[in-house]
Amino acid sequence: MLGAYRARPELRDRPFMVRERSGPREVVRAASPLARADGVMVGMRRREAEARSAGLVVVDADPSAEAREFEQIARAVEAITPRLEVAEPGVLSFPTRGPARYFGGDARLAAEIHAVVGPLLRPDEQQVRVGIADGRYAARLAARAAGRERSRILVVAPGGSGEFLAPFPVAALGDERLAELLVRLGLLTLGDFANLPAADVLARFGSDGQLRHGMARGFDPTPADLSVPPPDLVESIELDPPAARVDTAAFAAKGLADRLLARLAERGLGCTRVRVEAETEHGERLVRVWRHEGALTPAALAERVRWQLDGWLAANAPITRVADGDTRALQDLSALADAGCLDTGSGQGFGRGGIDTTTGGLVLLRLVPEAVIADSGRQLGFWGGDAAAAERADRVLGRIQGMLGYAAVGTCVVQGGRTPAERIRFVPWGEPREPVRPLQVGGEVAAWPGQIPAPAPSRVFVAPIAAEFLDASGAPVRVNGRGDVLTAPAVVRCRELPDGGGPVRGWCGPWLHDVRWWDRAARQRCARFQVVVDTVGAGEVACLITIERGRAHLDAIY
Amino acid sequence: MVRAHERALMVGGALGELLPGGCLRRGSVIHLHGAQRSALQLALLAAVTRSGEWAAIVESRDGPADFAGLAALEAGVDLERCALVRAVPRERWAVVVGALLEGMTMVVAPVPAYARPADARRLLARARERQAMLVVTGGSWPVDAALRIRAGRGVWHGLEPGEGLLRSCDVHVVVDGKGAPRRACVDLFERAG
């Protein structure tokens, strides 16, 4: 709901609800204070809610926005206690023993939480409910019950959770089938259920029933995780004096990369995704995420940082500036990197959002491991088999990447698409070999209607070459909107064809491709032909010709 | 010590029958020319990558970028072990090809018009030393090549004016190595899968 406030400020003074789907029905997931004043309640059907509140605005649930907003609340609570568990956006729990002792009792701790979280939820601070009880389940019900208290706080005395839970209906166990059965057996409340002997419950309802029985008696099925939080693996270095040249910064980065990977190695981990962050003397913050197929080696990581610094420090290099603390922009950025900026390898793909240049030297360099895996090590083949060959190839390709640039070396990977060019993605060396467009959707082969049939041409031009595609009278071949070829093709001329082209011996098509009409930059409406051309020197040559907006291009030669 | 059979790479199909011994010899230079040489180079790449070896293709900045990944896949090339080096500038050509020969079993590179005999000899020596194959395509290779293959005139089947689909192509292939040249019509588009 907070997310909806942020996204649409005009909702502040109108009643609105967030809907979610529950089976066949749409129900209220959250309601604004104005809507609640009209009698809208959480869990109510949408239609009923609309009937009660005139002019009710219905908003779709956005789980990722909820998670993002709730993160701020979690961070605020983290200032009080570090051992947090977020069950779902909207619900978090933590063990109270330590912090309660510090603040002088459970009630004071609860008041403290209320004071910290309340202002964040404005204008709806009444929604903050704090419950403290023996286990997480009892605490959650206590928090729900706290809505009835004036202070919105309910503290159940230690050992009193069973008593507190006793009057709740069995439906509160969250297991519909079990609750239905219990009601038919005449056990209407959690207290009735808790009174049954544990052994009988196990015999009759199985282990799942035993778990619910424990919950009804006020025990926590899974005690809160009290393990030490994972160590902070971020490595950073401050550069004094600021580094304005690539080699100075790259030298510092080399040491940083070595330290980071050594610390990861101590824990038996390897890094597959790393975020490189830098700050300039004028407070600009630069971020880029690099991914690697296997675990990064220190040399490979240092090399990536150097490429990155090259891009940042070179004059007029495209970089992305991220405002401080703007986590959302950061996420977008890493999503951008994931989506394969270097899609067709058409050059530098970094930083499509907001192009800018650095205005000073770098003062801070930080490496954040974003994804780590258990390092399985490297096993060389017996007598230097395939693994040795792969390692040799990797070394050579890495060296050429250093010579010609990151995007100059790579491999191809097959993906979905209509034309031979679309169906291949060039992946720079070292990045994971993943297609951008799917080959399979939900276990089925993705359909690409109008796909050019096999065999595939042996030369596909990344940049199509201008050609002349003429009919017998010397006029360009035209195709109408329905895909009818108005005049039969007779001649093809293009500089890439042997002898510059010649008469057409056979042709077929057109395949009409009207693609990405929703995307102004990428949309394309064209007709494609397979053509066999008779040339003097080379005999018959087959090629793929595209007509787009009345102009012909040579896409590929077979 | 490298034994003789480890030095050769078997090539299957109609193309293999044309080659001396049905195989490609390591540590040698192969020159491909003729209009259909692109289809021919994919057949050679397939032979190398399918046996678990690595290969690389060099594209010059002066020519069009035209590597066909899909056709390579149809020809049986293992794309994972087939690296593509794009837009190599004129002055780096010999250096890049030389570096690739260090780590790859086969390096396919178009012969630039500016290839100097001294560079060519150096690359030949490098290929021999590293037991790698250098496949040069088009243009004229200024020094000796162990094998010269020409994929010349082709005849296409399956397509008529306004109907049918491209199906297969008989290419006139001439292999010029030791002894008399061998020639045959080979369907280079008869691909695995």
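All figures in this text were calculated on a predicted structure; none of them were measured in a lab.

Comments concerning the overall build of chain A
- Scanning chain A for helices and strands turns up 15 helices and 21 strands.
- A buried classification covers 44% of the 558 residues belonging to chain A.
- Long-range pairs, those at least 24 residues apart, make up 53% of the contacts in chain A between residues at least 6 apart in sequence.
- Carbon together with sulfur atoms contributes 51% to the accessible area of chain A, which is approximately 29100 Å² in total.

A word on the overall build of chain B
- On a plain count of helices and strands, chain B comes out with six helices and ten strands.
- Counting only residues that meet the buried cut, chain B has 56% of its 193 residues in that class.
- Relative to all contacts within chain B whose residues are 6 or more apart in sequence, the contacts with residues 24 or more apart total 67%.

Considerations on the pairing of strand β20 (residues 539-548) of chain A
All names here are of chain A.
- Within β20, nine of the ten residues are buried, leaving the element largely enclosed by the surrounding structure.
- One ladder, built from nine bridges, connects strand β19 (residues 524-535) with β20; its direction is antiparallel. If you follow Val533 over to β20, its bridge partner there is Val541.
- With antiparallel pairing between neighbouring strands as the criterion, β19 and β20 make up a hairpin whose turn holds three residues.
- Pairing analysis gives six bridges linking β20 to strand β21 (residues 551-557), with the strands arranged antiparallel.

Side note on the interface of chain A and chain B
- In this assembly, 54 residues from chain A lie in contact with 50 residues from chain B.
- With both chains or domains summed, chain A and chain B bury close to 4300 Å², and 63% of this area falls on carbon and sulfur atoms.
- With its nearest N and O atoms 2.6 Å apart, the salt bridge here joins A:Arg459 to B:Asp66.
- Seen at the junction of chain A and chain B, the total is 16 residue pairs in polar contact (both at pLDDT 80 or more).
- Contributing elements (two or more residues each) for the side of chain A that touches chain B: α15 (386-404), β12 (409-414), β13 (424-428), β16 (459-471), β18 (501-515), β19 and β20 of chain A.
- Looking at side-chain class alone, the side of chain A that touches chain B contains 35 nonpolar, ten polar and nine charged residues.
- As judged from the three bridges shared by β12(A) and strand β5 (residues 82-88) of chain B, these two strands associate in the antiparallel manner. Each residue of the ladder has a partner; that of A:Thr411, found in β5(B), is B:Ala83.

Details of the sheet that holds strand β11 (residues 362-374) of chain A
Residue and element names in this part refer to chain A.
- The four strands are arranged β8-β11-β9-β10 in an open sheet whose pairing can be described as antiparallel. Looking along the sheet, the strands with just one partner apiece sit at the ends: β8 (235-243) and β10 (285-291). Adjacent strand axes in the sheet meet at a mean angle of 20° when their direction is disregarded.
- Inspection of the sheet shows strand β9 (residues 269-280) paired to β10 by seven bridges, in the antiparallel sense. Each residue of the ladder has a partner; that of Glu277, found in β10, is Val287.
- In this fold helix α13 (residues 298-313) packs onto β8, β9, β10 and β11, with an angle of close to 140° to the strand it touches most, β10.

Observations concerning the packing of aromatic side chains
- Overall, the coordinates contain eight aromatic pairs over all chains when judged by the stated rule.
- Ring centres of A:Phe164 and A:Phe168 lie 5.4 Å apart, and the angle between their planes is 65°; this geometry places the pair in the edge-to-face category.
- Grouping aromatic residues by their ring pairs yields a cluster made of A:Phe469, A:Trp507 and A:Phe529.
- For B:Arg86, the ring lying beneath its charged end belongs to A:Phe426, and the centroid distance is 4.0 Å.

Details of the sheet that holds strand β1 (residues 16-22) of chain A
Residues and elements named next belong to chain A.
- Pairing in this open sheet of three strands is mixed, and the strands run β2-β1-β3 from one edge to the other. Looking at the sheet topology across the chains shown, the edges are occupied by β2 (25-31) and β3 (57-60). Taking the axes of each pair of neighbouring strands and ignoring which way they run, one obtains an average angle of 45° across the sheet.
- In the sheet, β1 pairs with β2 via six bridges, with the strands oriented antiparallel.

A short note on the side chain of B:Arg81
Residues and elements named next belong to chain B.
- Relative to the helices and strands, Arg81 resides in the loop between α4 (69-75) and β5.
- Polar contacts involving the side chain of Arg81 include one to the main-chain carbonyl oxygen of Glu53, which spans 3.4 Å.
- Apart from the residues lying within four places of it in its own chain, the contact partners of Arg81 are Thr49, Gly52, Glu53, Trp54 and Ala55.

Let's talk about the nonpolar core
All names here are of chain B.
- Counting 59 residues, the largest nonpolar core has Leu24, Leu45, Phe67, Met106 and Ile149 as the members making the most contacts within it.
- Counting residues per element, this core draws most heavily on helix α3 (residues 37-50), at eight residues.
- With residues up to four places along the chain from it excluded, the contact list for Ile149 reads Leu19, Ile30, His31, Leu32, His33, Leu40, Val173, Val174 and Val175.
- The next biggest cluster of nonpolar side chains, apart from the first, holds 36 residues, and it includes Trp93, Val136, Trp141 and Val143.

A closer look at unusual backbone geometry
Residues and elements named next belong to chain A.
- In this structure, Pro241 follows Asp240 across a cis peptide bond, with omega equal to 5°.
- Within the secondary structure, Pro241 is located in strand β8.
- The linkage connecting Ala454 with the following residue, Pro455, adopts the cis geometry, with an omega of 0°.
- Residue placement: Pro455 occurs in the loop between β15 (444-445) and β16.
- The phi dihedral of Asp499 falls on the positive side, at around 60°, and the residue is not glycine.
- Structurally, Asp499 can be placed in the loop between β17 (489-493) and β18.
- Note on Asp499: relative accessible area 51%, which makes it exposed.
- A positive phi is found at Arg516, a non-glycine position, where the angle reads about 50°.
- Mapped onto the secondary structure, Arg516 falls in the loop between β18 and β19.
- With a relative accessible area of 33%, Arg516 lands in the partly exposed category.

So, the pattern of salt bridges
All names here are of chain A.
- Tallying each qualifying case throughout the model produces 25 salt bridges over all chains.
- Of the charged contacts, one joins Glu277 and Arg285 as a salt bridge, the two residues approaching to 3.3 Å between their closest N and O atoms. The residues Glu277 and Arg285 share a single accessibility class, namely buried.
- Where Arg493 meets Glu468, a salt bridge forms, and the shortest distance between an N and an O atom there is 3.9 Å. Taken together, the positions of Arg493 in strand β17 and Glu468 in strand β16 put the pair 25 residues apart, joining distant regions of the chain.
- Overlapping salt bridges bring together Arg19, Glu26, Arg46, Glu50 and Asp60 as one network.

Some remarks on the packing of helix α5 (residues 93-103) of chain B against helix α6 (residues 117-130) of chain B
Residue and element names in this part refer to chain B.
- α6 packs onto α5 with a crossing angle of 10° between their chain directions and a minimal axis gap of 9 Å. Classed by the angle they form, the pair α5 and α6 counts as roughly parallel. The residues of α6 that touch α5, namely those facing Trp93, Ala94, Val97, Gly98, Ala99, Leu101 and Glu102, are Asp119, Leu123, Arg126, Ala127 and Arg130.
- The residue inventory of the contact of α5 with α6, partitioned by class, reads seven nonpolar, one polar and four charged.

Some remarks on the confidence of the model for chain A
Residues and elements named next belong to chain A.
- Of all residues in chain A, 85% attain a pLDDT of 70 or more, and the chain-wide mean is 78.
- Low pLDDT, under 50, characterises residues 315-356; the stretch is placed with 74 contacts to residues that sit more than four places away or in other chains.
- In this model, residues 380-384 is a region of pLDDT below 50 whose contacts with residues beyond four sequence positions or in other chains number three contacts.

Concerning the environment of A:Arg25
All names here are of chain A.
- For Arg25, the location among the structural elements is in strand β2.
- Given a relative accessible area of 40%, Arg25 falls into the partly exposed group.
- In the structure, Arg25 is positioned 19 residues away from Met44 in sequence and 9.9 Å away in space, judged by C-alpha atoms.
- Other than its neighbours up to four places away in sequence, Arg25 contacts Glu20 and Arg45.

Here is what the cut-offs are and how they apply
Residues numbered from 1 in each chain as written. Chains lettered and ligands numbered in written order. Predicted model: local features only at pLDDT ≥ 70, side-chain atom pairs only at ≥ 80, totals over all residues. Heavy atoms only, no water. Helix = DSSP H or I, 4+ residues; strand = E, 2+ residues; numbered from the N terminus. Buried < 20%, exposed > 50% of the residue type's maximum accessible area, 1.4 Å probe, protein only. Contact = heavy atoms within 4.5 Å. Areas by Shrake-Rupley, 256 points an atom, 1.4 Å probe, with all protein chains shown as cover. Pairing = 2+ DSSP bridges. Buried area = accessible area lost by both parts, 1.4 Å probe. Salt bridge = Lys/Arg side-chain N within 4 Å of Asp/Glu carboxyl O. Polar contact = N/O pair within 3.5 Å; in protein donor to acceptor, adjacent residues only side chain to side chain. Nonpolar A, V, L, I, M, F, W, Y, C, P; charged D, E, K, R; others polar. Axes fitted to C-alpha atoms, helices over the stretch in contact; angles between N-to-C directions. Phe/Tyr/Trp six-rings, centres within 6.5 Å; stacked < 30°, edge-to-face > 60°. Lys NZ or Arg CZ within 6 Å of the ring centre and 35° of its normal. Core = buried A, V, L, I, M, F, W, Y, C linked by side-chain atoms within 4.5 Å. Parallel < 35°, antiparallel > 145°, perpendicular 65-115°, else oblique. pLDDT = per-residue confidence, 0-100.

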